[in-house]
Amino acid sequence: MKTRYPDRLGRRLTGLFLACVLPLYACADQETDTLVVAFSKPLTTVDRLYSIQREGLILSRLTDDGLFFVDPKTLEFEPLAAASYEWVTDTQLDITLRDDVIFHDGSRLTAEDVVYTFEWVLDEDSDTSRGPVIQRWLDSVETLAPGRVRFNLKLPYPMALRDMAVSIPLRKKGTYEDETADAPLNGIGPYKVVSFSAGREIVLQRFEDYYEGSPKAGPAIEHMKFRVIPDQGTQQAELLSGGIDLMLDVPPDVADNVSHLPNVERLEGNDIRIGYVTLDAAANSDPDTPFKHLKVRQAINHAINREEITRYLVRGSAEVVDFACHPRQFGCDGNGPRYRFDPVKAKQLLAEAGYPNGFSFDLWAYREKIIAEAIVNDLKAVGLDVQLRYVKLNVFSKVRNDKDMEAFFASYGSGGTADASASTGVHFARNSARNYSGDEALADTVLAAERTIDPGERQALYRQALNRIAEQAYWVPMFSYSQNYLLSPELEFPVPKDGVPRFWQASWRQ
Amino acid sequence: MLNYVLRRGFMALLVALTVSFGTFALFHFATDPAQTIAGEDAPQEMVDDIREQYGFDRPVSTQYFNWLGGVLRGDFGESFFWKQPVVELIQEHAGVTVMLALASLSVTILIALPLGISAALRPNTWVDRFALSTAVSAQAVPNFWLGLMLIIVFAVTFPIFPVSGDSTWRHFVLPALVLGASSVPAVMRLTRTGLLDVLSSDYIRTARAKGFIGYRLILQQALRNALLPIVSVLAVQLGYKLGGSVVTESVFSMNGLGRLAVESIFNSDIPTVQSLILIFVLTFVLLTLAADLINAWLDPRIRMG
């Protein structure tokens, strides 16, 4: 039997297919003056007041301005839409607004807009994600005169400027009642939102009427596009093919490999994020846990080789940290005990605590498995029987919040805030699910620091708290993180000191 | 036949409800949705506020039956993460997944049928071995790896197709190839076996005696009968593709239901995950049911018991 096959048809179809698909694709580049950045996670909204994501913070620095901002050079909180400010008392802050700030719809910023924004966030029914941040310290906001507002605080709160800078972008009065507004966002930042497709992309255009007196004035790039690409491998392919100009949060090993390829450049910078191991000193997880013994906690501190982990696994500009905060944060200047890597001393301390043959426990972790494994190896080397419980973040959070962990390796980014209140304060406050110390006096010190306006006094209180944490070895402070960026060689991008990119500073290389 | 349909439909509903309750309970016992929604670095006040706002402090059974009651009334709830009705969210993402599933099914048919027919027509020759090797390779290669390889070759080295996205039909070519390839082995083998059986049957010998040869014999006489079981397999494969394109959608950054499911799981977006699981289970069960009914219709022995 002989059968004929349609081989000519196959060739014709192949030719037709290739002819259809050969046209090339528009790329991110200098010619179109469009910076394309990949986001790994989808952004659910372009309104920072309703976003909790880091991507939302990055975008908000382009589309929004607050009364204050984080100075990229000093990481201090400086006036932005505010022209000046004055603490009248510890609980009264008067702010004079700039008179040249314009919303993207062309209207001018007024004191009524500022009052509206803060009252909206304070209103529990508005359900903003920022509400819980300011509701605990802000009582009310009132207009004093055109262009002047007064903030009445419930209690002295030195981080008020931080919250205004990081959490509260200004909105035009009536924004959330106006259902006819067609723009995705009416902000006052140097870029306006042209289009927003949730889960896909956000397109921005430079706002030409942005106030010239702003420290963020005069951004060089006209268009920006943020594309959501969850897979790191796909992001690399997009970078190599010219589909994107910049990758954020690149793991060091990926950065090592990809940066050797042509047309890819690598940048490395700091991050306010720190890694640490928490030990259950309060015996929350088990009343008989060995971690309630100071000598056991000190032994754990001596057993982990933080220097080598930092140098070989975290790499880049990462540094060993000795206290429960990032060295770049205000107030992070403890002078208490520092624990050097000393496995012999660790064994001796374990023996003195009554555990000459070690004991068994689980170390929980949800990120950087290789580092968690290195910690486990160091602990095993001093005779401890450690099992790594590596889980997803949502599982980790549940067990940690239920206070069911004997020890866990975690990290904290402090929301990019260069102040110890954002790290020490968060982890050792009385009601914090992260607080495994059970130390009431320490919680009082942290609370006092959070409510003290005078910088010198605050610093002294944080030093007292940090020294107490170190003396009691509640934590094993591990290291600060390093950020890696992969980018097109055409792009000039100043590396942020706090790990939060400010794309209004980006430009094309000539 | 009606009894058979009702029996299978009831079983399908039980499967859907069991999976749905299991998922709901797992989310609540294994994770802290409030902390996940608030974010890794959220202050405690924000976490507590979310726990109260979303009712996570109520008993799990109460939360589940509230959700189920809503579903029965046609209200799938609002997404915790996206802050929009789940129905709208699913409608927005379904188009990409359906298009990808149909495109990949076309790829499967275009590759598997010719390969299967060729292998059956020349059994135990190099053509047969080539077809079988292709099938085995397609089965062995993981989707994410094949996806990245296709991207490197056809989007980076030779920029014929875009790397990622879903805005034009060109964006669907590479993902359809990846997803389609995974179904090739099953369909190809079934085509080969079915056609070999049919070609050795008496009526084909009779047809040959009547002068049917070449294309006419294969297409009009043999393939028509051999394809009947393949149709039911394709229905099941379509179910897999509608619910199982998670990896492909992530690699190619396509905004379909698979990626929505992954993001919802990572963000403890319980209403969305629950609704998606219900949809995936029902789709799969209905397609399996359709395949069973086709078989039952073809073969009276099945429907009789």
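Basis of the calculations
- Residues numbered from 1 in each chain as written.
- Chains lettered and ligands numbered in written order.
- Predicted model: local features only at pLDDT ≥ 70, side-chain atom pairs only at ≥ 80, totals over all residues.
- Heavy atoms only, no water.
- Helix = DSSP H or I, 4+ residues; strand = E, 2+ residues; numbered from the N terminus.
- Buried < 20%, exposed > 50% of the residue type's maximum accessible area, 1.4 Å probe, protein only.
- Areas by Shrake-Rupley, 256 points an atom, 1.4 Å probe, with all protein chains shown as cover.
- Lys, Arg positive; Asp, Glu negative; His and termini not counted.
- Charge placed at Lys NZ, Arg CZ, Asp CG, Glu CD.
- 1 Å grid on protein atoms, 1.4 Å probe; cavity = no way out; pocket = protein on both sides within 12 Å on 5 of 7 lines; lining within 4 Å.
- Points joined across faces, edges and corners; volume = space filled by probe spheres on them.
- Nonpolar A, V, L, I, M, F, W, Y, C, P; charged D, E, K, R; others polar.
- Domains from an automatic or database assignment.
- Buried area = accessible area lost by both parts, 1.4 Å probe.
- Salt bridge = Lys/Arg side-chain N within 4 Å of Asp/Glu carboxyl O.
- Polar contact = N/O pair within 3.5 Å; in protein donor to acceptor, adjacent residues only side chain to side chain.
- Pairing = 2+ DSSP bridges.
- Axes fitted to C-alpha atoms, helices over the stretch in contact; angles between N-to-C directions.
- Contact = heavy atoms within 4.5 Å.

Some points on the overall build of chain B
Counting its regular elements, chain B contains 15 helices and zero strands. Taking all 305 residues of chain B together, the buried fraction comes to 51%. Here chain B displays about 14,200 Å² of accessible surface, and carbon together with sulfur accounts for 68% of that area. Charged side chains in chain B number 20 positive and 21 negative. The centres of these two groups are separated by 25 Å.

Regarding empty space enclosed by the protein
Using a probe with the size of a water molecule, rolled over the atoms, empty space left in the structure can be pinpointed. All names here are of chain A. Inspection of the entire model under this criterion finds four cavities of 30 Å³ or more. Empty space within the largest cavity amounts to approximately 180 Å³. Along the walls of the largest cavity sit 19 residues, with S60, R61, D64, A165 and K216 positioned nearest its centre. Elements that contribute at least two residues to the lining of the largest cavity include exactly α2 (54-63), β2 (68-70) and α5 (160-166). For the lining of the largest cavity, the per-class residue count stands at 10 nonpolar, three polar and six charged.

Some thoughts on the domain arrangement of chain A
All names here are of chain A. According to the domain assignment, chain A consists of domain 1 (5-242 + 488-508) and domain 2 (271-482). Measuring from the centre of the C-alpha atoms in domain 1 to the corresponding centre in domain 2 gives 34 Å. At the boundary of domain 1 with domain 2, total buried surface from both sides reaches about 1,300 Å², with 61% on carbon and sulfur atoms. If you look at where domain 1 meets domain 2, you find one salt bridge. We note a salt bridge from R136 to E450, for which the minimum N-O separation is 3.0 Å. Counting the contacts that link domain 1 with domain 2 gives two residue pairs in polar contact (both at pLDDT 80 or more). When grouped by side-chain class, the residues that make up the side of domain 1 that touches domain 2 number 11 nonpolar, one polar and five charged.

Quick notes on the sheet that holds strand β6 (residues 138-145) of chain A
By definition, the strands of a sheet pair up through backbone hydrogen bonds, in either a parallel or an antiparallel sense. Residues and elements named next belong to chain A. Spatial strand order, β4-β5-β7-β6: four strands in an open sheet with antiparallel pairing. Sheet topology places β4 (82-89) and β6 at the edges, where each strand pairs with a single neighbour. Strand-to-strand, the axes of this sheet are offset by a mean angle of 20°, without reference to chain direction. The pairing of β4 with strand β5 (residues 92-97) spans six bridges and is antiparallel. Across the sheet, A82 pairs through a bridge with L97, a residue of β5. The strands touched by helix α3 (residues 111-122) are β5, β6 and β7 (148-153); relative to β6, the strand with the most contacts, the crossing angle is about 170°.

Let's talk about the interface of chain A and chain B
Chain A puts 58 residues into the contact, and the matching count from chain B is 52 residues. Between chain A and chain B, the buried area comes to about 4,500 Å², and carbon and sulfur atoms account for 57% of it. At the surface where chain A touches chain B, the tally comes to one salt bridge. The shortest N-O distance in the salt bridge between D166 of chain B and R200 of chain A comes to 2.9 Å.

Side note on the environment of R150 of chain A
Residues and elements named next belong to chain A. Relative to the assigned elements, R150 resides in strand β7. When its relative accessible area of 18% is taken as the criterion, R150 is described as buried. For the pair R150 and E86, spaced 64 residues apart in the sequence, the C-alpha separation amounts to 9.6 Å. Leaving out residues up to four positions away in the same chain, R150 has contacts with V88, Q92, L93, D94, S140, V141, E142 and L144. At a separation of 2.7 Å, a polar atom in the side chain of R150 contacts the side chain of D94.

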